[in-house]
Amino acid sequence: MRARALLLLLCGVVAADAAQSTDDGATRQPMRPPSAVQPPELRGVLADGTAFSLSELRGRPVVLVFLRGASCGLCLERLRALAAHEAAYDRRDARVVAVTPDPPDRADAVREALELDFPMVSAAHAVLAAWGVWPPGRKQAFPGAFVLDPQGRVRFRHIGRTAADRVSDVILLAALDRFTPAR
């Protein structure tokens, strides 16, 4: 009887997750792993004013972490966690890139203050919207993370429902391991 009750509870949780309502009244379906889809273009500016294009990183796996901005304490913690796992990403030959709506000088100040070795890209609102992390009508972007294979195809994605809904490095590394084993 306990097993049946547990099964019914589990089914209820799964059904409840099937469609979530967001603050803007939209209904979001749970993220399913994409089957290697080509993402939208990601262009932005690095702190030194250099143009950035995601297509330049083809040939290596890429982990993109979309931030809400420097004023988000949880985003700063996320960056610290990425830095703490940098060796694990390096063993998989993966390039980590943080993407922010902040202007380049503010992004660079964060990168320097946290002593980050990976680039921070300042991207326009339209770019964040194209990636699905800044839905229409929202005042801020949602946190997001994407894992791209060496051909630039999305192999994993997670777009948070709140500022605190973030995917861990353990999950991102496991997503990388599906197509790039650690050295």
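As the structure is a computational prediction, the values presented were derived from the model and not from experiment.

Caption draft 1: Summary view of helix α6 (residues 169-177). Those residues of α6 not exposed but buried are Asp169, Leu172, Leu173, Ala175 and Leu176. Viewed along the axis of α6, the buried residues span an arc of 155°, placing them on a single side of the element. Elements that come into contact with the buried residues of α6 comprise β5 (62-66), α2 (73-84), α3 (86-91), β8 (144-148) and β9 (154-159).

Caption draft 2: Structural detail: the confidence of the model for the protein. Considering every residue of the protein, the mean pLDDT works out to 83; 79% of them sit at 70 or more. The low-confidence segment residues 1-34 (pLDDT under 50) makes 30 contacts with residues lying over four places distant or belonging to another chain.

Caption draft 3: The arrangement of the pattern of salt bridges in detail. Applying the stated criterion across every chain yields a total of seven salt bridges. Notably, a salt bridge pairs Arg60 with Asp93, separated by 3.4 Å at the nearest N-O pair. With Arg60 in the loop between β4 (51-53) and β5 and Asp93 in the loop between α3 and β6 (95-100), this residue pair connects regions lying 33 residues apart in the sequence. Assessed through its relative accessible area of 32%, Asp93 is described here as partly exposed. Within the structure, one salt-bridge network assembled from shared partners comprises Asp149, Arg153 and Arg155.

Reading the values: rules and limits
- Residues numbered from 1 in each chain as written.
- Predicted model: local features only at pLDDT ≥ 70, side-chain atom pairs only at ≥ 80, totals over all residues.
- Heavy atoms only, no water.
- Buried < 20%, exposed > 50% of the residue type's maximum accessible area, 1.4 Å probe, protein only.
- Helix = DSSP H or I, 4+ residues; strand = E, 2+ residues; numbered from the N terminus.
- Arc of directions from axis to C-beta.
- Contact = heavy atoms within 4.5 Å.
- pLDDT = per-residue confidence, 0-100.
- Salt bridge = Lys/Arg side-chain N within 4 Å of Asp/Glu carboxyl O.

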